[in-house]
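# Per-entry structural report
Each chain, written out:
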Amino acid sequence: TYHTSGDLAADLAGERDAGLDHDDARNPAVIADLVGDHVGKAAGRATDLYVTATTSTVVALLIGASVLDANRAQATLALAAFPLVARAFGVVATGFGVMIARTDDSDSPASALWRGQLTTAVISLAGLLGAAHWLVAESGSIRLFWAGAFGLLAASMAAHAARLQIDRRIGPLRELIETQRVGESTGLAFGMSSGLGATAWPLGALAVAITAAWAVGASSGLPLGGVLGALTALMTISASAPYLLALGTFEAVADSARGVSALVTQAEDVQRRTARLDETGLSASTASQAYLIVTGG
């Protein structure tokens, strides 16, 4: 509520009604807007991902216990623990991804962010393959590896597809402006329909990945192999949560940098750099939002 109130005061009242520029130092609501970005975006996403990670861990433990209980003769503790170990390797991979995401003025900030995400994905896949050979080498390790790879691919594709939509945002924005001529309720309806439409691709990717992981796991001949395959996909999706949380937090920080610099200095070079960061932050935010939809699903 605080985040939305700050946006209304700074953007609608300040920019539309008073005719001020974005993050204009003469707008007294800018500071509230900047604080609201951190409260509503950074803190909110951290809470969402924490809940998702905790819930998925509990689910993994319950399903692992079910596998052991239903197949006492065949199932082993290593088999039940495999999804959690695969996820642990993914969490380690996010640390390397964050360290790789560095750049300077000669390079695009966006390319650094996606380089970090690619590094996270590659190390996660390597850890997944190692965990499969370590824990389930005698019982279809390659099939479970592909089950986890499907989950990682779904999360990455959903995030990048959302990022690519940023380049085509002008069309929907123009349509939204046109609906405002009819009335604010029409604009609200259009915005809600656009938001619901944006969830279709992430949820579709999730459905395909979980179904494929289930089929691959079932074909392995393992006890409750389908469930184990789907669970492995879920764990690899959750494994990259820290890196995507970093992307979401970066968006709030980048947006604040532009506003703070506007309050402190009007130097053209500073404004150019912060505007570039703001654009990159929007792209990162869109990717993290798509990831939240996948993990929520």
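Structure: see above.
Quantities reported herein were computed from a predicted structural model and do not represent experimental measurements.

## Here we look at the nonpolar core
Counting 18 residues, the largest nonpolar core has Leu113, Trp114, Ile237, Leu247 and Tyr291 as the members making the most contacts within it. Looking at this core, the elements that each hand over two or more residues are α4 (109-135), α5 (141-166), α10 (241-264) and α11 (268-296). It is α11 that provides the largest number of residues to this core, a total of five residues. Beyond its immediate chain neighbours, meaning those up to four positions away, Leu113 contacts Ala101, Tyr243, Leu247, Phe250, Thr280 and Ala284. Counting residues in hydrophobic clusters, the runner-up holds 13 residues, among them Ala131, Ala132, Leu135 and Leu228.

## A short note on helix α9 (residues 225-239)
With 15 residues, α9 should cover 21 Å at 1.5 Å per step; its first-to-last C-alpha distance of 21 Å lies within 8% of that length. The element α9 is extensively covered by neighbouring structure, given that 13 of its 15 residues are classed as buried.

## Things to note about the environment of Thr119
Within the secondary structure layout, Thr119 lies in helix α4. When the C-alpha atoms of Thr119 and Ala93 are compared, they prove to be 7.6 Å apart, with 26 residues separating the residues in sequence. In this structure, Thr119 is in contact with Phe96, Gly97 and Ile100, ignoring residues within four places of it in sequence.

## Some words on the packing of α4 against α10
For the pair α4 and α10, interaxial distance at closest approach is 10 Å and the crossing angle is 165°. The angle between the axes of α4 and α10 places the two elements in the roughly antiparallel class. Note that α4 runs across α10; the crossing there is left-handed. Residues Ala112, Leu113, Trp114, Gly116, Gln117 and Thr120 of α4 pack against Tyr243, Leu244, Leu247 and Phe250 of α10. Among the residues forming the contact of α4 with α10, the class breakdown is seven nonpolar, three polar and no charged.

## Considering the packing of aromatic side chains
Following the criterion strictly, the structure yields two aromatic pairs and no others. Aromatic side chains Phe145 and Trp146 sit 5.5 Å apart centroid to centroid with 65° between the ring planes, which places their arrangement in the edge-to-face category. Overall, Phe145 belongs to the buried group, its relative accessible area being 13%. Seen from their ring centres, Trp146 and Phe150 are 6.5 Å apart, and the 35° between their planes marks the pair as tilted. Of the two residues, Trp146 and Phe150 both sit in helix α5, four residues apart, roughly one turn of that helix. What makes Trp146 partly exposed here is its relative accessible area of 45%.

Definitions and limits used
- Residues numbered from 1 in each chain as written.
- Predicted model: local features only at pLDDT ≥ 70, side-chain atom pairs only at ≥ 80, totals over all residues.
- Heavy atoms only, no water.
- Core = buried A, V, L, I, M, F, W, Y, C linked by side-chain atoms within 4.5 Å.
- Buried < 20%, exposed > 50% of the residue type's maximum accessible area, 1.4 Å probe, protein only.
- Helix = DSSP H or I, 4+ residues; strand = E, 2+ residues; numbered from the N terminus.
- Contact = heavy atoms within 4.5 Å.
- Expected span 1.5 Å × (residues − 1).
- Axes fitted to C-alpha atoms, helices over the stretch in contact; angles between N-to-C directions.
- Parallel < 35°, antiparallel > 145°, perpendicular 65-115°, else oblique.
- Left-handed = near helix turned anticlockwise from the far one by under 90°.
- Nonpolar A, V, L, I, M, F, W, Y, C, P; charged D, E, K, R; others polar.
- Phe/Tyr/Trp six-rings, centres within 6.5 Å; stacked < 30°, edge-to-face > 60°.

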